[in-house]
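Results of the structural survey
The lines below spell out each chain.
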Amino acid sequence: MRKITILLILILTITACNNKKSQTMKIIENENLVKKYFEHFNNHEWTKMANMYAETSEFKDPSLGPGIVKQTRQQIIDKYSSLNDVFPDLKDQLVQIYPSGDKHIIIEFVSSGTAPDNSKFELPICVIFTIENGLITKDFSYFDNSFIHKFRMILKPFYIKR
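Residues numbered from 1 in each chain as written. Predicted model: local features only at pLDDT ≥ 70, side-chain atom pairs only at ≥ 80, totals over all residues. Heavy atoms only, no water.

**What about the confidence of the model for the chain?**
Looking at the chain, pLDDT values average 85 and 77% of them are 70 or higher. No element of the chain has a lower mean pLDDT than helix α5 (residues 152-161), at 50, and none a higher one than helix α2 (residues 46-50), at 98. (pLDDT = per-residue confidence, 0-100. Helix = DSSP H or I, 4+ residues; strand = E, 2+ residues; numbered from the N terminus.)

**Some remarks on the nonpolar core**
Counting 32 residues, the largest nonpolar core has Y37, Y80, I107, F129 and I136 as its most contacted members. For this core, the secondary structure elements donating two or more residues are α1 (2-42), α2, β1 (53-60), α3 (73-86), β4 (104-114), β5 (120-132) and β6 (135-143). The greatest single-element share of this core, amounting to six residues, is contributed by β5. Sequence-distant contacts of I107, defined by excluding residues within four places in its chain, comprise V34, F38, L94, Q96, I125, C126, V127 and F129. (Core = buried A, V, L, I, M, F, W, Y, C linked by side-chain atoms within 4.5 Å. Buried < 20%, exposed > 50% of the residue type's maximum accessible area, 1.4 Å probe, protein only. Contact = heavy atoms within 4.5 Å.)

**Here's the deal with the sheet that holds strand β3 (residues 91-100)**
Strand order in this open sheet of six strands is β2-β1-β6-β5-β4-β3, and the pairing throughout is mixed. Each end of this open sheet is capped by a strand with a single partner; those strands are β2 (69-72) and β3. Going from strand to strand, the sheet's axes swing by 25 degrees on average, the running direction of each strand aside. In the sheet, β3 pairs with β4 via nine bridges, with the strands oriented antiparallel. Each bridged residue has a counterpart across the sheet, and for Q93 the counterpart in β4 is V110. The strands touched by α3 are β1, β2, β4 and β6; relative to β2, the strand with the most contacts, the crossing angle is about 90 degrees. (Pairing = 2+ DSSP bridges. Axes fitted to C-alpha atoms, helices over the stretch in contact; angles between N-to-C directions.)

See the structure below:
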């Protein structure tokens, strides 16, 4: 009986270690995916960035309207291409990555750029990505909505194009 108990404890310990290792690997994969995502963003490689999403993904983004909005990869490409037309030097600076389990990752970053009227902006943003099978399936972004109002006239063509 004692041998069975020791064997059972040993099996449980090994299994727990393997599960922890698997979860740690998933977190590292997700962090690497996020870093690659921001690399594509900062290089304005919209197609490469959009291919990091599932074919259709869910978005919470004040610029898209209230609630959850579904977007295809092509719509993502169109959105960021249009935004890049308005802000040609658009960049995101990662501040911090916060892993949250094996499917979620929270990213804090500052977006910046220069508008056609030479006004500059810096916008702190927090986004929660849901990552499944190596692809982003949900992109929930949070930022100060006054940015949209401040640049409404400049962004008008951006909103019409989407």
